[in-house]
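One letter stands for each residue in the lines below.
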Amino acid sequence: MKIARTLTELQAATKTMGDTAFVPTMGALHSGHLSLLAAAKAGGRPVVASIFVNPAQFGPNEDYNRYPRDEAGDLAQLEASGCDLVWLPDVPTMYPAHTATTIHVSGPATRWEGAARPTHFAGVATVVAKLFGQIRPAAAYFGEKDWQQVQVISRMVEDLLLPVKIVPVPIARDADGLALSSRNRFLLPPERAAAPALYAALTKAAKHIAAGKEVAATLHNARHDLAVAGMVPDYVALVHAHSLEPLAALAQPARLIAAAKLGHVRLLDNVPVA
Ligand code: AMP
């Protein structure tokens, strides 16, 4: 596995690789990230992963400085998963001084995470566009764990005519249903025990909506379930799967999405509604 820390090293490493599959991450890797690596690997192209904790996607009062970092552990996991090249840029490489250009996002970026974290998706889109320009992958793999993010990136690629195929990868979960996340390590033991209630509430609500129960009442009950489990729900919403616009009644393609605070950790999850 090659490691590139400068643009010169990256260019030298990618020169002879041909079409690549790209997996962008912020590190602190877990089996969810590794499922993206496995999907990329299964596509048959050489795999490039990046690790970059992107300051632009954190708000001023968010956890940029406390975000978990474990470069040695990450590199060992990437090597074991058959990754061919790891790109480890530093902040000045990604954000040269006097930057005047960023990506502006609207549409699917507007609501939900976009409302809770107003600069988040512009930061994500900007760094992903830069990474695409540096690596120029044929395909890029994103986790459905961040459902709205996949829609925002897909829309950016469509709108800016970027020559890359976006491949969504299903959510990897712990045995009790909790969606894997780098931030789960910050859950205290009783919080970790309560955390699967998010997935449980979403699966229950999805079943009820699919069976024809009223959407508003079902979402209300799901928020109640989360509160009973000790969470502070931010949103539980039935949305159009791609535009992220709310749906008052079930119409396909639909997705049930939620965010809730548990202790100091913000949990995200989503499920299909069959
Ligand atoms: P992050 O390092 O949190 O920025 O995540 C990097 C990529 O891994 C993103 O595309 C995430 O959606 C994806 N990812 C994170 N957790 C999971 C999970 N539990 N299942 C699938 N993909 C995930």
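Residues numbered from 1 in each chain as written. Predicted model: local features only at pLDDT ≥ 70, side-chain atom pairs only at ≥ 80, totals over all residues. Heavy atoms only, no water.

Here we take up helix α9 (residues 197–210). Across its 14 residues, α9 extends 20 Å between first and last C-alpha, which sits within 8% of the 20 Å expected from 1.5 Å per residue. Inspection of α9 places L198, A201, L202, A205, A206 and I209 among the buried residues, and these make up the whole buried set. The arc that holds every buried residue of α9, seen down its axis, measures 130 degrees, which confines them to one face. Each element contacted by the buried residues of α9 is listed here: α10 (215–228), β7 (232–240), β8 (254–262) and β9 (265–272). (Helix = DSSP H or I, 4+ residues; strand = E, 2+ residues; numbered from the N terminus. Expected span 1.5 Å × (residues − 1). Buried < 20%, exposed > 50% of the residue type's maximum accessible area, 1.4 Å probe, protein only. Arc of directions from axis to C-beta. Contact = heavy atoms within 4.5 Å.)

Turning to the packing of α9 against α10, a few remarks are in order. Close contact between α9 and α10 brings their axes to 9 Å; oriented N to C, the two are set at 165 degrees. Relative to α10, α9 is oriented roughly antiparallel. As α9 packs across α10, the resulting crossing turns out to be right-handed. Across the interface between the two elements, A197, L198, A201, K204, A205, H208 and I209 of α9 pack against V215, T218, L219, A222, D225 and L226 of α10. For the contact of α9 with α10, the per-class residue count stands at nine nonpolar, two polar and two charged. (Axes fitted to C-alpha atoms, helices over the stretch in contact; angles between N-to-C directions. Parallel < 35°, antiparallel > 145°, perpendicular 65-115°, else oblique. Left-handed = near helix turned anticlockwise from the far one by under 90°. Nonpolar A, V, L, I, M, F, W, Y, C, P; charged D, E, K, R; others polar.)

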